[in-house]
Amino acid sequence: MKNEPFDVFLWANQVDAIKNNVSAELFLFNKNYTPYKIRYSDKLTGAVKSVFMQEAISYIINEAEKGLECRDYEKADGEEKVVYRASLSKVDRAETLIHLIEHEYKDIDYFSENEYDFRKVKGIIAKFTYPSENGMETFYIAKILPASSALRGTSSWEINGESFEPFSAEIALKMPEDNQVAIVGDTIIVFNQAKFENLFQYDFKSQVLAEAKAKELTEKYKLSFSEGLTLDGLLADKKPLLKKVQAMDIAEEMPQDKLLDYADEMQLELMTDDDGSIIIMDDKDLTMFVNLLNEDYYVSPVNGRRYEIKSKKLLGEPEGEPPRG
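Here the structure is a predicted model, which is why all the values come from computation and not from measurement. (Residues numbered from 1 in each chain as written. Predicted model: local features only at pLDDT ≥ 70, side-chain atom pairs only at ≥ 80, totals over all residues. Heavy atoms only, no water.)

**Topic: the side chain of Lys-37**
Thought 1: Checked against the element boundaries, Lys-37 lands in strand S2 (residues 35-38).
Thought 2: Although buried, Lys-37 forms no salt bridge, and the nearest oppositely charged side chain, Glu-25, lies 6.1 Å from it.
Thought 3: Among the polar contacts made by the side chain of Lys-37, one reaches the main-chain carbonyl oxygen of Ile-108 at a distance of 3.5 Å.
Thought 4: For Lys-37, the residues in contact, after removing those within four places along its chain, are Leu-26, Phe-27, Tyr-105, Lys-106, Ile-108, Asp-109, Tyr-110 and Phe-111. (Helix = DSSP H or I, 4+ residues; strand = E, 2+ residues; numbered from the N terminus. Buried < 20%, exposed > 50% of the residue type's maximum accessible area, 1.4 Å probe, protein only. Lys, Arg positive; Asp, Glu negative; His and termini not counted. Salt bridge = Lys/Arg side-chain N within 4 Å of Asp/Glu carboxyl O. Polar contact = N/O pair within 3.5 Å; in protein donor to acceptor, adjacent residues only side chain to side chain. Contact = heavy atoms within 4.5 Å.)

Right, dumping it as structure tokens:
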């Protein structure tokens, strides 16, 4: 039986019923999606739950009565009164962040301005945990932290009564109050499409195109990837490379044996494993593979030097051959 899509309305009502039994933990994460633990005062417990959890579930519950819909992210078109659901496994950076928090918690450092630069912080994510019949349940609420949300003690003053005083903290934050992203199990709930895409650098159109081209490439070529890497993920992250692949007719490209011969001729280290699969260890290997497919390497007949061609401009058809196309 096909799995039913995640029911965001049922989830919101379930969380609302047990909201007093929920505990919260905060993490900052940087632009490389490395998380950092950060403590908060007991005096902020209510505010943390309100700004992150309660705002989100209240919005879903209250707006459901006014026609709020939940649709698949593939159908996103920026409509009002719509939240979207996406698969966590398709959003690499979000999946990496959750994996680190869940499985490498003991290795996560506490954030300190003396040790880490707040200017590199990308966002904040709250982890909520509560007991249920199935054991402990968890969900996350994430928000982007724009640079403008931070006030630094060295350049800020505070008003105390009738006078200015030195700012008493290293950094103060204006916490975003809008709903942006929730993560429940393997489902991402998107409240704000633009902020979701910014938060996790996710471009759906590029991802769809990358998946389609990855399918074509893996059907024609034997490729082996390092653990954790996928062809579509690498292509989606490298838009110039994806654009180059998009322009190719993969079915008409040279076969694998010719490609390997071409790599040897160009003295390029395109490695293969025992099964003859081309090994892709990182984006540099993928770039070499795609450049070979596109015949972007050239040996000068004049000086014998090897070149990488950055741009191809057809000067004309060889004499004696009819024009192509």
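**Quick word on the pattern of salt bridges**
Thought 1: Tallied over the full model, the rule gives eleven salt bridges.
Thought 2: When the shortest N-O distance is used, the salt bridge between Glu-63 and Lys-66 registers 3.8 Å.
Thought 3: Each member of the salt-bridge network shares a partner with another, and the members are Glu-63, Lys-66 and Lys-81.

**A short note on the pairing of strand S5 (residues 121-132)**
Thought 1: Burial runs high along S5: ten of the twelve residues are buried.
Thought 2: Bridge count for strand S1 (residues 23-30) against S5 is eight bridges, and the pairing is antiparallel. When the sheet's bridge partners are listed, Phe-27 is paired in S5 with Ile-125.
Thought 3: The pairing of S5 with strand S6 (residues 135-144) spans ten bridges and is antiparallel. Looking across to S6, one finds that Ile-125 is bridged to Ala-142.
Thought 4: Hairpin connection from S5 to S6: two residues lie between these consecutive antiparallel strands. (Pairing = 2+ DSSP bridges.)

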